[in-house]
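One-letter residues, chain by chain:
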Amino acid sequence: MNAELVLDGVTYDQLPLDKAHPVLTGWHWGSEDQLGTLNYLTPSRVHAAAAECVRTGVRCSLNWDMTHPSTPGFGRQALRHEILNKSPRAVADDVIHFNTQHSTQWDGFRHFGIQSLARFYNNRTLDQAVDPASSDLGIGRWSEEGGGVAGRGVVLDVWGLAVARLQAGGEGASDADVLRRYHAPDFSDAYTPTNMPYDPFTSHPITFENLQDAVRLSGLLHIPKASILLVRSGYHARYAASTIDEIAGKAAEKPSPAYAGLAQCGKVARWLFDSKFAAVAGDAPAFERWPPRSPAKTYPQDDRLEIDPLPEGRFLHEIVLAGWGTPIGEMFYLEKLVHHARSLRTTQCFLAGAPLNHPAGVASPPNLVAMF
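Criteria and thresholds
Here the residue index of a chain counts from 1 through its sequence in written order. Local features are withheld for residues below a pLDDT of 70 in this predicted model, meaning they are given only at 70 or higher, and side-chain atom pairs are given and counted only at 80 or more; totals for whole chains, interfaces and linings count all residues. Side-chain figures throughout are based on the complete set of non-hydrogen atoms in the structure, without hydrogens or water. Strands here mean DSSP runs of E at least two residues long; helices mean DSSP runs of H or I at least four residues long; both are numbered from the N terminus. Contact between two residues is taken to exist if any of their heavy atoms lie within 4.5 Å; hydrogens are not considered. Two strands are said to pair when DSSP picks up at least two bridges between them. With axes taken as lines fitted to C-alpha atoms, and helix axes fitted only over the stretch in contact, angles between N-to-C directions fall between 0 and 180 degrees. Throughout, the term roughly parallel applies to angles under 35 degrees, roughly antiparallel to angles over 145, roughly perpendicular to angles from 65 to 115, and oblique to all others. Helix crossings get a hand from a simple test, with the near helix turned counterclockwise from the far one by less than a right angle marking a left-handed crossing and a clockwise turn marking a right-handed one. When residue character is reported, Ala, Val, Leu, Ile, Met, Phe, Trp, Tyr, Cys and Pro are called nonpolar, Asp, Glu, Lys and Arg charged, and the others, Gly included, polar. When the centres of two rings from Phe, Tyr and Trp lie within 6.5 Å, Trp using its six-membered ring, the rings pair. Their planes under 30 degrees apart give stacked, over 60 give edge-to-face, and anything left gives tilted. Buried, partly exposed and exposed residues are distinguished by accessible area as a fraction of the type maximum, computed with a 1.4 Å probe on protein chains only: under 20%, between the cut-offs, and over 50%, respectively. By the criterion adopted, a ring carries a charge over it if an Arg CZ or a Lys NZ lies within 6 Å of its centre and within 35 degrees of its normal.

Moving on, we get to the environment of Met-66. Of note, Met-66 is situated in the loop between strand 1 (59-61) and strand 2 (80-85). Residues Met-66 and Leu-79, spaced 13 residues apart in sequence, show a C-alpha to C-alpha distance of 7.5 Å. Look past the residues within four positions of Met-66 in its chain and what remains in contact with it is Leu-79, Phe-98, His-102 and Ser-103.

This is how it looks when you write it as structure tokens:
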């Protein structure tokens, strides 16, 4: 299907276009498609984004230091690095062993399927997704066929704006007062144990309303179609304030570590699809709130979220990654980007990079650079 037709003519409420497909799936790019919503990144849209966003040549890498987190979550292996001394020649090689999802990562289409159906993007089976001899849905196809990932980045600093609102007087503070605080020379959103809007190391839900507040405060009248969404939840600010033992304890939490992220609800999913993002990413380890629900109803938003669930209780990964073919980025290092964007009073940048070109790859460091 033509990218412009999907951008302009397909809405969340129309999904799936083929009613034989599972609920909310967007498998409308063709049965052999390997790019999903990366198809939005047409040459003309990428060119326009570069022309509008690159003004100074300042660059920020979105890859975190690969030695972090010091203890990976979700049972993943820590990175191992070996330097090979080629003496007597003055030469060295190195070997790196790492789980592609232990640090900053793109989730590829082989990573997460619709759990109840065991189906991945474009109706692929689990056997197809784990076949090491096949390149079908391999993340290397993004490089081979898509030429990498390049386009307009739009950053929503949910964490920084929430801290600024708290420092400006709380929920009653005006937008003007929040922005005055956010742009003040002495503003800091470093995490401290007290007087914080929430703890990013808990299953705090970032709701549709939170996202819309960030859009409004950012001065965005609209988000251009085919943008790459970047959401800052405060994970790296919280990590920087934690000891090695605290990080290890967080990784060991059962049944799984808890992190703030986007709420699993219909309003958020509808906004993500109808905004026509080419890809979505955040600084948190799961992008979406994890664990997905709070049995104890810890947060005031929980009652409201329960009346707007995703179909069949699905995760955003099932809807966004497996359903729409929209890449999900996690643990993107947004601290330098946000600091520079704040100094320029902008929320937009140009992003370019390519994942590891492995034909059967499941995930990859993004290797993305933000340019201003």
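After presenting the structure, the write-up continues.
This next bit is on the sheet that holds strand 14 (residues 363-364). Across the sheet, nine strands lie side by side as 1-15-13-7-9-11-12-4-14; this open sheet has mixed pairing. Edge positions in the sheet fall to strand 1 and strand 14, since each has one partner strand and no second. The sheet contact formed by strand 1 and strand 15 (residues 369-371) spans three bridges and is antiparallel. Looking across to strand 15, one finds that Cys-60 is bridged to Ala-370.

We now examine the packing of helix 5 (residues 158-167) against helix 6 (residues 175-182). Here helix 5 crosses helix 6 at 110°, and the two axes come no closer than 8 Å. When the axes of helix 5 and helix 6 are compared, the pair comes out roughly perpendicular. The way helix 5 lies across helix 6 gives a crossing that is right-handed. Across from Gly-160, Leu-161, Ala-164, Arg-165 and Gln-167 in helix 5, the residues of helix 6 making contact are Asp-175, Val-178, Leu-179, Arg-181 and Tyr-182. Residue classes in the contact of helix 5 with helix 6 are distributed as five nonpolar, two polar and three charged.

By the definition in use, this model includes 20 aromatic pairs. Ring plane angle 50° and centroid distance 6.3 Å describe the contact between Phe-74 and Tyr-259, whose orientation is recorded as tilted. With Phe-74 in the loop between strand 1 and strand 2 and Tyr-259 in the loop between helix 9 (244-251) and strand 10 (261-262), this pair connects stretches of sequence that are 185 residues apart. Assessed through its relative accessible area of 4%, Tyr-259 is described here as buried. Between the aromatic rings of Phe-201 and Tyr-259, the centroid separation amounts to 6.0 Å while the plane-to-plane angle is 85°, which identifies the pairing as edge-to-face. One end of the pair, Phe-201, is in the loop between helix 6 and strand 8 (205-206); the other, Tyr-259, is in the loop between helix 9 and strand 10, with 58 residues separating them in the sequence. Per residue, the accessibility class of Phe-201 equals that of Tyr-259, and both read buried. In textbook terms, an aromatic cluster arises when at least three aromatic residues are bridged by ring pairs, as seen for Trp-64, Phe-74, Phe-201, Tyr-235, Tyr-239 and Tyr-259. We note Arg-342 situated over the ring of Tyr-182; from NZ or CZ to the ring centre the distance is 4.5 Å.

That is the geometry; function is a separate question.
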